[in-house]
Amino acid sequence: MSQTTYLSRDYAPVREFKAGARHLNRLAEGLEDRPYTLFTLKPLGPIIGAEIEGVDLGKPLTPEIKAEIHRAFLEWKVLFFRNQHITSEQQVAFAKEWGELEKHPFLPRGSAEEITRFEKNANMTGNENVWHADVTWRIDPALGSVLRLSEVPPFGGDTIWADMGAAYDNLPDEIKERINGLTAIHDFTTTFGRFMPPEILAAKQEEFPAAEHPIVRTHPETGRKTLFVNGAFTIRIVGLEEEESEKLLNYLFRQAHIPEYQVRFHWEANSVALWDNRATQHYAVSDYYPHRRVAERVSIAGDRPF
């Protein structure tokens, strides 16, 4: 039987590969890179994620330390604090340094209504392993969150964050032009609403109607443009046909998957993360079943994207 010879030029597909260096800017344009003087900051990557040492989250923050942590928060997008033996009440107090807190209407609560509790074990697997920013289906999505792990599995259970400012920066110019000014619909129905009885779902949809947000968000404090769509909650681009919308959204969703934009954090018991929900997406790796992983999250209320 003869073998047909195929030449790659006859069938090679056009694919969306981008090899080589990417433009990785940690700071918004015009911001100056300055040292931190009140604590030790250890970068975990070039643009996103840093560990802070020398701060006890169980004690009230002085205005000076609060200001320097906030600058690090804006510049590194997610901050990590290890060996923080704090209570839930102290975690809430720390989160309140960044604004009013919000309550999650669908997830289990902890010891206070502002606390969301994630307790995973042999009967409850980790289901947060999809790239997302929190509660973008709200008219005013969360500013950020404080997550504390009290129990960790013997292996696995990491969380990954992606810098969506870097994701926007590296889009091709033709894509930037295409999405400039476009908005998208964000809705909880396909995630939290999947298993609700119809009458409860209808009531929740009335309480939390779908939100329309710009695809390219301007960070309200740094002025940086960030890509503000995610695979969990963004369902449709306004003004596009369904097929065109889905194709473009899936291309934009994939930008969070690029390792150069990411930091991966390996949790230890009593570790705490503070992240900027306006500038990042995150993914909780679900690779530790059936072991226990117990976390509590406190979320800070945000404002309407523009």
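Thresholds, definitions, all that
- Residues numbered from 1 in each chain as written.
- Predicted model: local features only at pLDDT ≥ 70, side-chain atom pairs only at ≥ 80, totals over all residues.
- Heavy atoms only, no water.
- Helix = DSSP H or I, 4+ residues; strand = E, 2+ residues; numbered from the N terminus.
- Rg over C-alpha atoms; globule rule 2.2 N^0.38 Å.
- Contact = heavy atoms within 4.5 Å.
- Areas by Shrake-Rupley, 256 points an atom, 1.4 Å probe, with all protein chains shown as cover.
- Lys, Arg positive; Asp, Glu negative; His and termini not counted.
- Charge placed at Lys NZ, Arg CZ, Asp CG, Glu CD.
- Patch = residues over 30% accessible without salt bridge, like charges linked within 9 Å, V, L, I, M, F, W, Y side chains within 5 Å.
- Salt bridge = Lys/Arg side-chain N within 4 Å of Asp/Glu carboxyl O.
- Buried < 20%, exposed > 50% of the residue type's maximum accessible area, 1.4 Å probe, protein only.
- Pairing = 2+ DSSP bridges.
- Axes fitted to C-alpha atoms, helices over the stretch in contact; angles between N-to-C directions.
- UniProt positions renumbered as here; feature names shortened; annotations may be inferred.
- Polar contact = N/O pair within 3.5 Å; in protein donor to acceptor, adjacent residues only side chain to side chain.
- Core = buried A, V, L, I, M, F, W, Y, C linked by side-chain atoms within 4.5 Å.
- Phe/Tyr/Trp six-rings, centres within 6.5 Å; stacked < 30°, edge-to-face > 60°.
- Lys NZ or Arg CZ within 6 Å of the ring centre and 35° of its normal.

Naming follows an unreviewed UniProt entry, where the protein appears as TauD/TfdA dioxygenase family protein of Paenibacillus shunpengii.

Help me understand the overall build of the protein, please; the structure alone is not making it clear to me.
Looking only at helices and strands, one finds 7 helices and 16 strands in the protein. Here the C-alpha atoms of the protein give a radius of gyration of 21 Å, agreeing with the 19 Å that 2.2 N^0.38 yields for 306 residues. With the C-alpha coordinates aligned to their principal axes, the bounding extent of the protein is approximately 75 × 55 × 50 Å. For the protein, the share of sequence-separated contacts (at least 6 apart) that also reach a separation of at least 24 residues comes to 82%. Within the structure as shown, the protein displays about 15,600 Å² of accessible surface, and the carbon and sulfur contribution to it stands at 50%. Separation of charge centres in the protein, based on 35 positive and 45 negative side chains, amounts to 2 Å.

Where do I start with a negative patch on the surface in this structure?
A contiguous patch of negative charge on the surface is contributed by Glu-241, Glu-242, Glu-243 and Glu-246. Within the element layout of this structure, Glu-242 appears in helix α7 (residues 242–253). For Glu-242, a relative accessible area of 58% corresponds to the exposed category.

Teacher, can you tell me more about the sheet that holds strand β15 (residues 280–284) here?
Through backbone hydrogen bonds, the strands of a sheet pair up, either in parallel or in antiparallel fashion. Here 3 strands make up an open sheet; going across it, the order is β13-β7-β15 and the pairing antiparallel. The open sheet has two edge strands, β13 (262–265) and β15, and neither has a second partner. Strand after strand, the sheet turns through a mean of 20° between neighbouring axes, direction not considered. Sheet topology places strand β7 (residues 159–163) next to β13; 4 bridges connect them, and they run antiparallel. What sits directly across from Ala-162, in β13, is Gln-262.

It is not clear to me how the UniProt feature "domain: TauD/TfdA-like" (unreviewed entry) in the protein should be interpreted in this structure. Could you clarify?
If you check UniProt for "domain: TauD/TfdA-like" (unreviewed entry), the listed places come out as residues 41–297 in our numbering. With 23% helix and 27% strand, residues 41–297 has end C-alpha atoms that lie 23 Å from one another.

Hey, could you run me through the side chain of Arg-26 in this one?
Mapped onto the fold, Arg-26 is located in the loop between α1 (8–11) and β1 (40–43). Of the polar contacts made by the side chain of Arg-26, one reaches the side chain of Asp-33; its length is 2.8 Å. What Arg-26 contacts, discounting residues up to four positions off in sequence, is Asp-33, Tyr-36, Pro-46, Ile-47, Glu-75, Trp-76, Lys-77 and Arg-224.

Any chance you could explain the environment of Pro-60 here in plain terms?
Following the sequence through the fold, Pro-60 ends up in the loop between β2 (50–53) and α2 (63–76). Considering only alpha carbons, one finds Pro-60 and Gly-110, 50 residues apart in sequence, at a separation of 22 Å.

Which parts of the structure should I look at to understand the nonpolar core?
As a rule of thumb, nonpolar side chains are buried together in soluble globular proteins. Of all hydrophobic cores here, the largest spans 41 residues; its most connected members are Trp-161, Leu-171, Ile-179, Ile-215, Leu-227, Val-229 and Leu-252. Going through the elements one at a time, β3 (78–81), β6 (144–151), β7, α4 (164–169), α5 (173–179), α7, β13 and β14 (271–276) are the ones with two or more residues in this core. Ranked by residues supplied to this core, first place goes to α7 with 5 residues. Aside from chain neighbours lying at most four places away, what touches Val-229 is Ala-184, His-186, Ile-215, Thr-234, Leu-249, Leu-252, Phe-253 and Gln-281. The next biggest cluster of nonpolar side chains, apart from the first, holds 28 residues, and it includes Tyr-36, Leu-41, Ile-69 and Val-146.

So what exactly am I meant to see when it comes to the pattern of salt bridges here?
One side chain can pair with another of opposite charge once the charged atoms of both are near each other. Under the criterion given, the structure shown has 26 salt bridges. As a salt-bridge pair, Glu-296 and Arg-117 come within 3.3 Å of each other at their nearest N and O atoms. Of this pair, Glu-296 sits in strand β16 (residues 293–300) while Arg-117 sits in strand β5 (residues 115–120), and the two are 179 residues apart along the sequence. Counted as one network, the salt bridges with shared partners bring together Arg-117, Glu-119, Arg-148, Glu-151, Arg-292 and Glu-296.

Honestly, the packing of aromatic side chains in this entry has me stumped. Any pointers?
Remark: the centre distance and the inter-plane angle together describe each pair of aromatic rings, the angle taken between the planes. Scanning all chains against the criterion turns up 17 aromatic pairs. Aromatic pair Phe-80 and Phe-265: ring centres 3.9 Å apart, planes at 5°, arrangement stacked. Residue Phe-80 is found in strand β3, and its partner Phe-265 is found in strand β13; the two are separated by 185 residues along the sequence. Three or more aromatic residues joined by ring pairs form one cluster here, namely Phe-106, Trp-137, Phe-188, Phe-192, Phe-208 and Phe-233. Over the aromatic face of Trp-98 sits the side chain of Lys-66, whose NZ or CZ is 5.2 Å from the ring centroid. Across the ring face of Phe-228, the terminal group of Arg-217 is positioned such that the distance to the ring centre comes to 4.9 Å.

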